[in-house]
Each structure stands twice: as structure tokens, then as C-alpha cells.
Amino acid sequence: MSTLMVVDDEADVRYSFRRLFEGEGLEVVEAASGEEALRMIPRVRPDLVVMDIRMAGLSGLETLRRIREMDPRLLVILMTAYGTTQTAIEAMKLGAYDYLLKPFDMARLRSVIQQGLKAARDMRQAVAIRPTGGLEEDALGLVGRSEAMQQVFKLIGQLAASDATVLITGESGTGKELVARAIYQHSRRSGQPFLAVNCAAIPEGLLESELFGHERGAFTGATQQRIGKFEQCHRGTLFLDEIGDMSLSTQAKILRVLQSGQFERVGGNQTLQVDVRILAATNRPLEQMVASRQFREDLFYRLNVVRIHLPPLRERREDIPLLVEYFLARFAREQKQTPRSLTAAALRALENYHWPGNVRELENVLRRATVIAKGEAILPEDLPPEVLEGAAGPVRAGAAPQPKPGPATGAASQAHAGTSETARDEEEVVHLARRLFEWARRHPDRKVLPAVERELVVQALRETRDNQVRAARLLGITRATLRKRIEKYGIRREFRVE
Ligand SMILES: Nc1ncnc2c1ncn2[C@@H]1O[C@H](COP(=O)(O)OP(=O)(O)OP(=O)(O)O)[C@@H](O)[C@H]1O
């Protein structure tokens, strides 16, 4: 029988785990603090630990660090109500197996625990991996709650111990440079230089000299010797942005540095040797460019050792509210003002827009809105016309939002002016359903309808403290139907009451 250890200072949570997983044939042991867990582990020898990050006394991260020292093969899953980048990265960096966001999605909880137990079984034969580094505080300014961004944070954490070349892909403004900086800050090279070169912004003739330097007299205008970025970056990390915009001859030189660390300054014949980690980014389809021989295949494979893809913002709209909150707080800090708020209609407009310029465009739109908003809150009319046009009018599931003719300033508030309360509410429901549908489209393996139905029932029961009559009324169904759903999804009492 496998043993699951639950570490949480909230007795309710421990109890819920016990009820849920003992029913599934696991032995569940409880620890009320990090200290207690550390004392119990050598005796109990659990197969898997599930632990809260926020606990009185020893924090979850610190406990994790000590567990990893004690037994690097013991898998730990962390739970957090705060889905910040920082904790996610730190957790993975310290070697957590996974982490779960509270409140739990029961299906995900079950599957993560099952996966963890399976990995623990496999791990008994595997070689132990040592944890790296300590805990350091930094402000990466990289936020996101979507599954896609959570995966990115995990990868950054997992990459911390490695010097691998990383290729970061994604449309312009999706945060590629920010991710590169985060990888660097969490790497062993964080005490060494980080330099960024935007290959598209430098004229082709000058790019080689920028990267490799040149000797005096190498070409007209080369009046001084120049040290290039590779040399400046010795032992450090070089971020090559827009790598797809480089000539084939520069590509050949980059390949050589990647393979051997060697290059010559332009016009020089002395071979120099450097130790530089390369992080590269592009918004161009490199695979296609390889096929059409615009990009060297051998370089592509050298760069593509680890790939991080950042999806466009329109494919992770669930990140928008968090990004808005983050930017508004940041602008307020910069301007030493209290943060502005945003009305529900304005947020709806932001969530419905297709964001061709991704996070950078959202940041710019919000910056402008904070400047022009007259009151404490940002209203739809403070947003630019294209954002309102993309979002005005009732949103129909599956249909592209229709552009609205006529002068656009204030269009959204006008569009809403004659709308009744009920119509607006319905619009809200359609809007939520549309977002769920988008999620479902990206996760065809997950059964969205039953999952949503189950969650709605759980929420209604919690809200009404398990009063089935009131819960049924809240959901617009009969009590008999509610009962059937409780039975169908096996919703136990402990998950119905907080
Ligand atoms: N997840 C995020 N959290 C917070 N800010 C973000 C995030 N993603 C992007 N940004 C912000 O958006 C702007 C664009 O990000 P960045 O420059 O990293 O994008 P990029 O993909 O490298 O763009 P390009 O391809 O045009 O160089 C930056 O100001 C960055 O701070």
C-alpha cells in the first residue's frame, strides 16, 4: 500500500485528503507543520508528500528544501493559493514534483497524485537528482495563471541547473525576452553578465561586428578595435533576439561558437575562445525557414535543444485579469499614485479583444488608459477604438465579434446604454461560456461539461453550507436534479462545506 503524507496547518484540508484518498486505497498520514513532517519522514517513509506552501513556522519551500536534502528521491507536490510566478519557479527549482493551485480541481488533484505515486515507484530505481541553489528573492515581473504559462514557469525552474541552449518562440510581445531574463536569473550564471542583441534591429553589415567585434581597419569606418558581445559576455549569457533575421554567413559563425566556443573578430586572424550560454528567440517559423533554406538546419538543431513556446495572449485569455492587475499596480507604483481600478465592462472589452500585439499591446493600452481616465476607475471609453470594436455588441459563442461602425470613443458604453439588466447578465453568461469553450478546444482530452457541472454544484453547496434547497435554487434546477448530480459526481460532504 502506498503512503501519502499531507502537510498542512489547516486540519480541514488534511481531513479532506484523508477522506478522499483513504477511500482510494492509500494510507494517508498527516503532519500539521513543516517541522513535524521532517520529524516523521524518516519513520513513516511516505511515497509521496503533498504540502502547503504557506504554513506557520517552517514554510513549504524551506521544508521542501530540507526534504530534498534528506531524501532526494522523495517526491513532493506543493499546494498554493497564490499562483505567482515566483513560487511556481522556486517550487520547481527546488525540485518539487508538481504544484497544485487552490481551490482544487478535483480531477486534476487525483491525476497529479496518481502520477506522483507512479513516478515515485519508477523513481525507486532511478538515479537521485540533487537540488540546486538556494532561495533568492527577485522580481521577474512575469505573470500568468494559464496552464501554458504555468508550464513555462515549471520549465524555467527545471532549467535552472542546466546550461542548455534554449529557443524561445512566440509572436511579438508575448514575453520572450522576459522569459530569457528569467532563465538567466535562475541559472548558475546569474552572477555573470547577461547581454541582449536584437539581430533584426542591427543592419546586417554591422551585426557580425556587434557580435564578434572587429580589428582596427577591418572595414571603412573601423577606426578602433571593438570588442564584440560574445567576448563581453564570457562566462555569461547572451540573448539573441530575432535570430531568424540573420544572414547565412552570420548563422555559420554562430554555429561555430555554439559548437566550439571559437570565433575571430572581423578582420582579425586570432582565434578567440569563449564560454557563453546562448538563449535565442524568434517570432518567425524557423522550421519553414529551414525547409526553404533561409535558416541553417544544423544551427536550428543546435538552438532547439530546449524549446519554450509562448502562446499568443488570445489563446490564454485567462491571464488577462491577472496581467491587468499587475500592470495597474506597477503603473501606480511608478507614478506614486493609488492603483486605478477597471470596470467590469472595460475588463470584458479587454478579454474579448484579439491582441495582435500580445502582452506588450495590453501593457500600452493600459498605460494610456491610466493617463486618460478621469476618475478612479478605467471605463470602456478610456480604451482605444480597436479594442472596443473588437468587443462591442453582445458576444455570440463561436462568432467573431463584429466591428462597430461610427465614431468609436465611448462605443462600448453606448452599446450598453440601452441594454437591459437581463440582457447584460445573459451576455455575461455567454462570455463565460465562450471562455470555457476556448479552454475546452485547447484540451480536447478533458471533459469540460461534466467538470463544469460538478464544480457549479460544489460551489453552490459550499455557498449555501450544504443547504440543498437553496443550492438547487441558485443553480436554477430542482432539488431532485441536484441530488442526482451529487450522486453522479460522488460529491462527498467534506468537499461541500469549506
Ligand atoms: N507574462 C508577462 N507578465 C508581465 N509582463 C509581460 C509578460 N509578457 C510580456 N510582458 C511585457 O510585455 C512587453 C513585451 O515583452 P517582451 O519584450 O519580453 O516580448 P517579446 O516576445 O520578446 O517581444 P518581441 O518579439 O517583439 O521582441 C514587456 O514590457 C514585458 O514586460
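Residues numbered from 1 in each chain as written. Predicted model: local features only at pLDDT ≥ 70, side-chain atom pairs only at ≥ 80, totals over all residues.

The chain has the name DNA-binding transcriptional regulator NtrC in an unreviewed UniProt entry, where Limisphaera ngatamarikiensis is given as its organism. Its UniProt record gives the chain the following Subcellular location (unreviewed entry) comment, quoted word for word: "Cytoplasm". (UniProt positions renumbered as here; feature names shortened; annotations may be inferred.)

*Asks:* Would you take a moment to explain the overall build of the chain for this structure?
*Replies:* Counting secondary structure elements, the chain contains 21 helices and 16 strands. Looking at the 498 residues of the chain, the share that counts as buried comes to 33%. Expressed as a percentage of contacts within the chain between residues at least 6 apart in sequence, the contacts between residues at least 24 apart total 69%. (Helix = DSSP H or I, 4+ residues; strand = E, 2+ residues; numbered from the N terminus. Buried ≥ 20, exposed ≤ 12 C-beta atoms within 10 Å, placed from the backbone. Contact = placed C-beta atoms within 7 Å.)

*Asks:* Hey, could you run me through helix α21 (residues 479–488) in this one?
*Replies:* Two residues of an α-helix separated by three or four positions point the same way, owing to the 3.6 residues in each turn. Of all the positions in α21, only Leu-482, Arg-485 and Ile-486 are classed as buried. Down the axis of α21, the buried side of the element spans an arc of 100 degrees, and every buried residue falls inside it. When the buried face of α21 is taken as reference, the exposed residues oriented beyond 90 degrees from it are Ala-480, Lys-484, Glu-487 and Lys-488. Among the structural elements, α19 (448–463) and α20 (468–475) are those in contact with the buried residues of α21. In the stretch just after α21, Gly-490 is the one whose phi turns positive, near 55 degrees. (Arc of directions from axis to C-beta.)

*Asks:* Explain the packing of α20 against α21 here, please?
*Replies:* Contact geometry for α20 and α21: axes closest at 9 Å, N-to-C directions at 95 degrees. Regarding the angle of α20 to α21, the classification is roughly perpendicular. The residues of α21 that touch α20, namely those facing Gln-468, Val-469, Ala-471, Ala-472 and Leu-475, are Arg-479, Leu-482 and Arg-483. For the contact of α20 with α21, the residue count by class is five nonpolar, one polar and two charged. (Axes fitted to C-alpha atoms, helices over the stretch in contact; angles between N-to-C directions. Parallel < 35°, antiparallel > 145°, perpendicular 65-115°, else oblique. Nonpolar A, V, L, I, M, F, W, Y, C, P; charged D, E, K, R; others polar.)

*Asks:* What's the story with the packing of α19 against α20 in this structure? I'm lost.
*Replies:* Helix packing for two helices is described by the angle between their axes and how far apart those axes are. Relative to each other, α19 and α20 sit at 130 degrees, their axes nearing to 8 Å. By the criterion of interaxial angle, the relationship of α19 to α20 is oblique. Crossing angle aside, the handedness with which α19 passes α20 is right-handed. Residue-level inspection shows Leu-456, Ala-460, Leu-461 and Glu-463 of α19 in contact with α20, the latter providing Ala-471, Leu-474 and Leu-475. Partitioned by chemical class, the residues of the contact of α19 with α20 number six nonpolar, no polar and one charged. (Left-handed = near helix turned anticlockwise from the far one by under 90°.)

*Asks:* What am I meant to see in the site of the ligand here?
*Replies:* Near the ligand, the surroundings consist of 20 residues, among which Ser-172, Gly-175, Lys-176, Glu-177 and Val-359 are the closest. Taken together, the elements giving at least two residues each to the shell around the ligand come down to α7 (176–185), α13 (320–335) and α15 (358–372). When grouped by side-chain class, the residues that make up the shell around the ligand number seven nonpolar, eight polar and five charged. Each of two domains, domain 2 (162–311) and domain 3 (314–411 + 420–430), supplies a minimum of three residues to the shell around the ligand. (Near = placed C-beta within 6 Å. Domains from an automatic or database assignment.)

*Asks:* Sorry, what's going on with unusual backbone geometry here?
*Replies:* As a rule of thumb, non-glycine residues mostly have phi less than zero, and peptide bonds are mostly trans rather than cis. Unlike most non-glycine residues, Glu-242 shows phi in positive territory, near 55 degrees. For Glu-242, the location among the structural elements is in the loop between β10 (237–241) and α10 (248–260). Here Arg-293, not a glycine, exhibits a phi torsion of approximately 60 degrees, which is positive. When you line up the elements, Arg-293 lands in the loop between α11 (286–291) and α12 (297–303).

*Asks:* Quick question: what am I supposed to make of the nonpolar core here?
*Replies:* In summary, soluble globular proteins display a tendency toward joint burial of nonpolar side chains. Residues Val-49, Val-76, Leu-78, Ala-96 and Val-179 are the most contacted members of the largest nonpolar core, which totals 96 residues. The residues touching Val-76, leaving out its near neighbours within four places in the chain, are Val-49, Met-51, Leu-64, Ile-67, Ala-96 and Tyr-97. Of all hydrophobic cores here, the second largest spans seven residues; its members include Ala-460, Leu-461, Ala-471 and Ala-472. (Core = buried A, V, L, I, M, F, W, Y, C linked by C-beta atoms within 7 Å.)

*Asks:* I keep staring at the sheet that holds strand β4 (residues 75–80) and nothing clicks. Help me out?
*Replies:* Across a sheet, strands are paired by hydrogen bonds formed along the backbone, either parallel or antiparallel in direction. Across the sheet, which stays open at both edges, the five strands sit in the order β2-β1-β3-β4-β5 with parallel pairing between neighbours. Only two strands of the sheet have a single neighbouring strand rather than two, namely β2 (27–31) and β5 (98–101). Direction aside, neighbouring strands of the sheet carry axes that sit 20 degrees apart on average. Bridge analysis of strand β1 (residues 3–7) against β2 gives five bridges, and the strand direction is parallel. Across the sheet, residue Leu-4 finds its bridge partner in β2, namely Val-28. In the packing of helix α3 (residues 60–70) onto the sheet, the strands contacted are β1, β3 (48–52) and β4, and the crossing angle to β3 comes to about 155 degrees. (Pairing = 2+ DSSP bridges.)

*Asks:* For this particular structure, what's the right way to read the environment of Ser-146?
*Replies:* Within the secondary structure layout, Ser-146 lies in the loop between α5 (106–123) and α6 (147–159). The exposure class of Ser-146 is buried, given the 20 C-beta atoms found within 10 Å. Beyond its immediate stretch of four places on either side in the chain, Ser-146 contacts Arg-316, Glu-318 and Asp-319.

*Asks:* Explanation requested: the confidence of the model for the chain in the structure shown.
*Replies:* Parts of the prediction with low pLDDT should not have their coordinates interpreted in detail. Per-residue confidence for the chain gives a mean pLDDT of 82; residues scoring 70 or more make up 86%. Taken as a whole, residues 125–139 scores under 50 in pLDDT and shows 18 contacts with residues more than four places along the chain or in a different chain. Within the model, the stretch residues 393–419 combines pLDDT values under 50 with 46 contacts to residues more than four positions away or in other chains. Across the interface, the model reports ipTM at 0.98; the global pTM reads 0.60. (pLDDT = per-residue confidence, 0-100.)

*Asks:* It is not clear to me how the UniProt feature "modified residue: 4-aspartylphosphate" (unreviewed entry) in the chain should be interpreted in this structure. Could you clarify?
*Replies:* Per the UniProt record, "modified residue: 4-aspartylphosphate" (unreviewed entry) is found at Asp-52. Structurally, Asp-52 is set in strand β3. If we skip the residues at most four places from it in the chain, Asp-52 touches Val-7, Asp-8, Asp-9, Gly-60 and Met-79.

*Asks:* Could you clarify how one ought to interpret the sheet that holds β10 in this entry?
*Replies:* Pairing is parallel across the open sheet formed by five strands, whose spatial order is β7-β10-β13-β6-β14. Of all strands in the sheet, those bounded by a partner on one side alone are β7 (194–198) and β14 (306–310). Taken pair by pair, the neighbouring strands of this sheet meet at an average axis angle of 15 degrees, ignoring direction. The sheet contact formed by strand β6 (residues 166–170) and β14 spans five bridges and is parallel. Counterpart to Leu-167 in the pairing with β14 is Arg-307.

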